[in-house]
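As a plain string of letters, each chain reads:
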Amino acid sequence: MKPRILISIVVFMAVLFFPASILADIDHVMTVNPSSFSPISPILYGIFFEDINHAVDGGLYAELVRNRSFEHTDHMEGWSVILDKGCKASFSIKSERPVNGNNTHYLSFDIESDDGCVILANNGYDGIPLVWGENYTFSSLIRGDEYNGEIEVHLIDEQGNSIIAAVLGSDFDDLWEKYSVILEVPEDCQYGRLALIVKGSGLISLDMISLLPDKNWHGMRPDLLEMLEELRPGFLRFPGGCLVEGDSLENSYRWKDTIGSAEERRANYNLWGYHQSYGIGFFEYLLLAEYLGAEPVPIFNAGISCQVRGAEYCPMNTMDVWIQDVLDFIEFANGSVESPWGAKRFELGHPEPFNVTYIGIGNENWGNEYHERFTLFQKAIKDRYPEIVILFSGPPSYEGASFNRAWRWARQNGVEMLDEHIYAVPEWMLRNTERYDKYDREGPKVMLGEYAAHEAGRRNTLQAALAEAALMTGLERNSDVVIMAAYAPLFNRPGWSQWTPDLIWFDNTRVYGTPSYHVQKVFNRNLGDIIVDSSLTDEAIEVIGYWFKSLYHSCSFDYETGDLIIKVVNPWPGDKEVLVEINETTKLTGKGEMTVITSSSIFDENTFDDPEKIIPITTVLSDFSNRFTFTFEGNSITVLRLNTWSL
Ligand code: AHR
């Protein structure tokens with residue numbers, strides 16, 4: 001599904017644009033001086049990626065089988081076994097002769113007689129969606145120990161009928177061997193299942209049971225991928241979040257576990273309470289960043305597990321292994337194909353370097369334990385790769401003692417960039433749009449690596465999107481300091497999620513963008529190259545005892561199109577009339593367009609039933625001059641693109 005952007009016929013200026021002279025009651029005056037400007041970070045808006053809410057397994061990763069490798073802590077999670085009447089058989093999870101040292105569990109059936117059969121079924125995530133006419137590749141590693149018989153693979157519909165089947169073979173070796181078959185699906189089935197019918201006698205073992213739709217890009221689901229493409233992200237921060245840290249160091253994210261063939265990846269349990277196959281690992285993240293034209297920003301564990309969950313600290317004298325992991329990654333991503341890790345990249349099919357420039361050490365870490373470990377990474381990386389920019393992690397808080405201490409330490413210790421996270425109520429965002437105006441221009445730069453407005457109920461409402469848009473006008477105006485910013489988290493699969501609000505919601509077959517998604521998209525597509533000097537007169541307004549600005553804005557200029565871009569957020573119910581005065585040195589052609597995101601209530605949100613309730617609507621404008629009056633609707637985010645003859 002593509003968010004709809006409507007280009008309607010020209011809106012006559014009488015509706016929204018008035019010659020300034022005939023208007024008496026103007027709420028505000030906006031003065032724009034395009035000859036005074038400062039740069040905008042071209043990678044300001046990006047994506048924060050973390051396997052939370054089943055963003056990857058059961059999400060972007062197109063694998064349809066849940067717990068394909070039986071490595072889940074509950075090894076039979078996702079699976080059911082049925083013994084046919086009369087069949088004498090038992091099953092167990094074994095680890096005596098595993099596929100390899102990273103993939104240590106597998107399922108064995110011990111079948112006494114070949115009367116009847118054993119049925120092994122997997123339900124995927126809320127059923128397995130099957131599309132008529134599409135091909136699906138089934139594969140499994142199988143080992144037979146004096147097993148006589150065959151295995152049938154079936155795709156089953158909601159009524160329990162087999163809609164397509166294939167026989168896998170009958171002569172199974174006593175060494176692990178991969179069997180695969182392509183199944184062309186003859187009918188649509190939203191809640192399908194995979195079933196293996198094991199007919200025979202003896203001992204038979206299975207591992208890495210997979211069903212992958214042929215329509216995938218490096219194992220990624222095309223519809224979710226398209227949603228990311230639409231954002232045109234400047235950067236991709238991965239693989240988390242708290243996920244990087246782990247509940248303990250044992251399940252912290254180790255990039256080397258996530259590359260190579262699927263069966264070689266060392267699956268692990270996830271801090272968010274489920275199992276990760278690592279089907280999308282560091283190599284795929286790098287490919288994804290490259291495909292999206294986004295700067296890759298990998299984050300590495302600092303030798304500390306999640307401090308909020310009771311930290312485990314790697315002893316200082318054994319930190320080498322964590323540091324070496326990062327150095328090896330840089331060689332893997334950027335090094336020559338002659339180098340050991342560069343050769344690995346070559347082997348995986350990517351001889352060209354990925355040119356990674358930014359590396360993050362730690363996520364939401366703080367205190368002396370973090371500082372002393374960060375220093376070790378900083379020295380080792382800079383000694384070998386001085387060109388790499390190292391991100392220092394801020395604490396979970398975005399103000400207060402711990403936050404101030406992190407900044408103080410960062411300033412005193414040569415930190416280049418600090419990763420801030422802001423999850424705040426909409427009112428906080430509206431009251432803090434000038435936060436970065438006060439930042440030291442000589443100090444470390446900022447990556448606002450995670451942010452979102454959390455309204456009461458933590459829903460993805462228009463209210464939350466309005467507050468984020470207001471904050472983003474402040475990010476743009478300060479993008480000499482704020483180099484990168486990403487909404488978080490990215491995906492939500494209802495029924496399987498741990499966290500709301502999120503940018504993109506999906507299930508097996510549907511996906512939609514929240515109002516926050518549309519704000520990210522519209523702001524990024526209208527970023528511009530430079531921020532233009534502008535001011536807006538304001539009458540502060542009081543809401544439940546707090547004072548707020550009544551409008552929030554930023555102005556930028558796009559060299560390629562010659563468009564002056566004005567973004568205005570009106571988070572309040574009433575319309576606001578603004579007299580816009582653009583310095584006469586810049587001549588407008590009188591052509592332009594406006595894009596508006598709004599809805600009748602700030603509590604409105606998009607849903608699976610009404611996925612396009614709140615989307616950007618773009619309208620062509622014409623016949624305006626350097627001085628005009630514009631009405632910004634109540635509860636709206638408006639982007640005006642005003643074409644100029646030149647800056
Ligand atoms: O985005 C969800 C979580 O919020 C991230 O994992 C963590 O960094 C933050 O606390």
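Computed from a prediction, not measured in an experiment: that's the story for all the values here.

1. With respect to the overall build of the protein
On a plain count of helices and strands, the protein comes out with 12 helices and 35 strands. Its C-alpha atoms give the protein a radius of gyration of 28 Å, near enough to 26 Å, the size a compact globule of 647 residues would have. Looking at the protein as a whole, 59% of its 647 residues are labelled buried. Within the protein, contacts between residues at least 6 apart in sequence are counted, and of these 77% link residues at least 24 apart. Element-wise, carbon and sulfur atoms account for 51% of the exposed surface of the protein, whose accessible area totals about 24,500 Å². Looking at charge distribution, the protein has the averaged site of its 50 positive side-chain charges lying 4 Å from that of its 94 negative ones.

2. Notes on the environment of leucine 490
Tracing the backbone shows leucine 490 in the loop between β22 (482–487) and β23 (491–492). Separated by 443 residues in sequence, leucine 490 and isoleucine 47 have C-alpha atoms that sit 7.2 Å apart. Those residues in contact with leucine 490 that lie beyond four places of it in its chain are Ile47, Phe48, Phe49, Leu228, Asp502, Leu503 and Ile504.

3. Side note on the site of the ligand
Around the ligand, the neighbouring residues are Phe48, Glu50, Gly241, Cys242, Trp272, Asn363, Glu364, His421, Tyr423, Glu450, Pro489 and Trp499. Within the contact set of the ligand, an oxygen atom lies 2.7 Å away from a side-chain nitrogen or oxygen of tyrosine 423. Separating an oxygen atom of the ligand from a side-chain N or O atom of glutamate 450 is a distance of 2.7 Å. Protein chains shield 94% of the accessible area of the ligand, which is 280 Å² for the free molecule. Looking at the shell around the ligand residue by residue, the classes come out as 6 nonpolar, 3 polar and 3 charged.

4. Side note on the sheet that holds strand β20 (residues 417–424)
Judged by pairing direction, the barrel is parallel, and its 8 strands sit side by side in the order β4-β14-β17-β18-β19-β20-β21-β22 before closing back on the first. Going from strand to strand, the sheet's axes swing by 25 degrees on average, the running direction of each strand aside. Inspection of the sheet shows strand β17 (residues 295–300) paired to strand β18 (residues 358–361) by 2 bridges, in the parallel sense. Residue phenylalanine 300 lies in a different strand from β18, and its bridge partner there is isoleucine 361. Each of β17 and β18 is contacted by helix α6 (residues 320–334), which is oriented at about 165 degrees to β18, the strand it contacts most. Packing of helix α12 (residues 515–525) onto the sheet brings it into contact with β4 (45–48), β21 (445–453) and β22, and relative to β4 it is tilted by some 145 degrees.

5. Considerations on the environment of asparagine 103
Here asparagine 103 shows up in the loop between β6 (89–94) and β7 (106–111). In the structure, asparagine 103 is positioned 163 residues away from arginine 266 in sequence and 6.1 Å away in space, judged by C-alpha atoms. Every residue in contact with asparagine 103, bar those within four places of it in the chain, is listed here: Ser69, Glu71, Pro98, Asp207, Met208 and Glu263. Within the local environment of asparagine 103, its side chain forms a polar contact with the backbone oxygen of glutamate 263, the two atoms lying 3.4 Å apart.

6. Points about the pattern of salt bridges
Scanning the entire structure with this criterion turns up 33 salt bridges. Between lysine 215 and glutamate 134 there is a salt bridge; the shortest N-O distance is 3.0 Å. Here glutamate 134 lies in the loop between β9 (128–130) and β10 (135–156) and lysine 215 lies in the loop between β13 (189–213) and α3 (222–231), a separation of 81 residues in the sequence. A residue is classified by how much of its surface remains accessible, and lysine 215, at 54% relative accessible area, is exposed. A salt bridge links lysine 199 to glutamate 152; the nearest nitrogen and oxygen atoms lie 2.8 Å apart. Taken together, the residues span a long stretch of sequence, with lysine 199 in strand β13 and glutamate 152 in strand β10 at a distance of 47 residues. With relative accessibility at 14%, the residue glutamate 152 sits in the buried group. Taken together, the salt bridges that share partners define one network made up of Arg254, Lys256, Asp325 and Asp328.

7. With respect to the side chain of aspartate 604
By the secondary structure assignment, aspartate 604 is in the loop between β32 (588–598) and β33 (617–622). No salt bridge is formed by the buried aspartate 604; its nearest oppositely charged neighbour, lysine 613, is found at 4.1 Å. A polar side-chain atom of aspartate 604 sits 2.6 Å from a polar atom in the side chain of serine 599. The residues touching aspartate 604, leaving out its near neighbours within four places in the chain, are Asn460, Thr461, Leu462, Ser599, Lys613 and Ile614.

8. Looking at the confidence of the model for the protein
Of the residues in the protein, 96% reach a pLDDT of 70 or more, and the chain-wide mean stands at 94. In this model, residues 1–24 is a region of pLDDT below 50 whose contacts with residues beyond four sequence positions or in other chains number 58 contacts.

9. Brief notes about the nonpolar core
Counting residues in each nonpolar core, the largest one holds 137 residues, and the members touching the most others are Phe49, Leu228, Phe329 and Ile361. For this core, the leading source of residues is helix α11 (residues 462–477), giving 10 residues. With sequence-adjacent residues up to four places away left out, phenylalanine 329 is seen in contact with Trp255, Phe282, Leu286, Pro298, Phe300, Val356 and Ile359. By size, the runner-up hydrophobic cluster in this structure holds 36 residues, among which are Trp79, Leu120, Leu155 and Leu183.

10. Looking at empty space enclosed by the protein
What the rule picks out here adds up to 5 cavities of 30 Å³ or more. By volume, the largest cavity amounts to about 90 Å³. Forming the walls of the largest cavity are Tyr253, Arg254, Trp255, Phe282, Ile299, Phe300, Asn301, Trp322, Asp325 and Val326. Breaking the lining of the largest cavity down by element, the ones donating at least two residues are β17 and α6. Looking at the lining of the largest cavity, the element that brings in the most residues is α6, giving 3 residues. Broken down by class, the residue content of the lining of the largest cavity amounts to 7 nonpolar, 1 polar and 2 charged.

11. A few points about the sheet that holds strand β25 (residues 511–513)
Hydrogen bonds between backbone atoms are what pair the strands of a sheet, whose relative direction is either parallel or antiparallel. With respect to topology, 3 strands assemble into an open sheet ordered β23-β24-β25, the strand pairing being mixed. Where the open sheet ends on each side, the last strands, each with one partner, are β23 and β25. Looking at chain direction, strand β24 (residues 504–506) and β25 are connected through 3 bridges and run antiparallel. By the bridge assignment, phenylalanine 506 is partnered in β25 with valine 511. Packed onto the sheet, α3 meets β23, β24 and β25 and runs at close to 15 degrees relative to β25.

12. Considerations on the packing of aromatic side chains
Describing an aromatic ring pair means giving the distance of the ring centres and the angle of the ring planes. Per the stated rule, a full pass over the model turns up 42 aromatic pairs. When the centroid spacing of 5.4 Å and the interplanar angle of 90 degrees are considered together, the rings of tryptophan 407 and tyrosine 439 count as edge-to-face. Placement of tryptophan 407 in helix α9 (residues 401–412) and of tyrosine 439 in the loop between α10 (426–431) and β21 is noted, with a sequence separation of 32 residues between them. Residues tryptophan 407 and tyrosine 439 agree in their burial class; the two are buried. Taking the ring centre of phenylalanine 548 as reference, the NZ or CZ of arginine 431 above it sits at 5.9 Å. We note arginine 458 situated over the ring of tryptophan 499; from NZ or CZ to the ring centre the distance is 5.0 Å.

Procedures and definitions
Residues numbered from 1 in each chain as written. Predicted model: local features only at pLDDT ≥ 70, side-chain atom pairs only at ≥ 80, totals over all residues. Heavy atoms only, no water. Helix = DSSP H or I, 4+ residues; strand = E, 2+ residues; numbered from the N terminus. Rg over C-alpha atoms; globule rule 2.2 N^0.38 Å. Buried < 20%, exposed > 50% of the residue type's maximum accessible area, 1.4 Å probe, protein only. Contact = heavy atoms within 4.5 Å. Areas by Shrake-Rupley, 256 points an atom, 1.4 Å probe, with all protein chains shown as cover. Lys, Arg positive; Asp, Glu negative; His and termini not counted. Charge placed at Lys NZ, Arg CZ, Asp CG, Glu CD. Near = heavy atom within 4 Å. Polar contact = N/O pair within 3.5 Å; in protein donor to acceptor, adjacent residues only side chain to side chain. Nonpolar A, V, L, I, M, F, W, Y, C, P; charged D, E, K, R; others polar. Pairing = 2+ DSSP bridges. Axes fitted to C-alpha atoms, helices over the stretch in contact; angles between N-to-C directions. Salt bridge = Lys/Arg side-chain N within 4 Å of Asp/Glu carboxyl O. pLDDT = per-residue confidence, 0-100. Core = buried A, V, L, I, M, F, W, Y, C linked by side-chain atoms within 4.5 Å. 1 Å grid on protein atoms, 1.4 Å probe; cavity = no way out; pocket = protein on both sides within 12 Å on 5 of 7 lines; lining within 4 Å. Points joined across faces, edges and corners; volume = space filled by probe spheres on them. Phe/Tyr/Trp six-rings, centres within 6.5 Å; stacked < 30°, edge-to-face > 60°. Lys NZ or Arg CZ within 6 Å of the ring centre and 35° of its normal.

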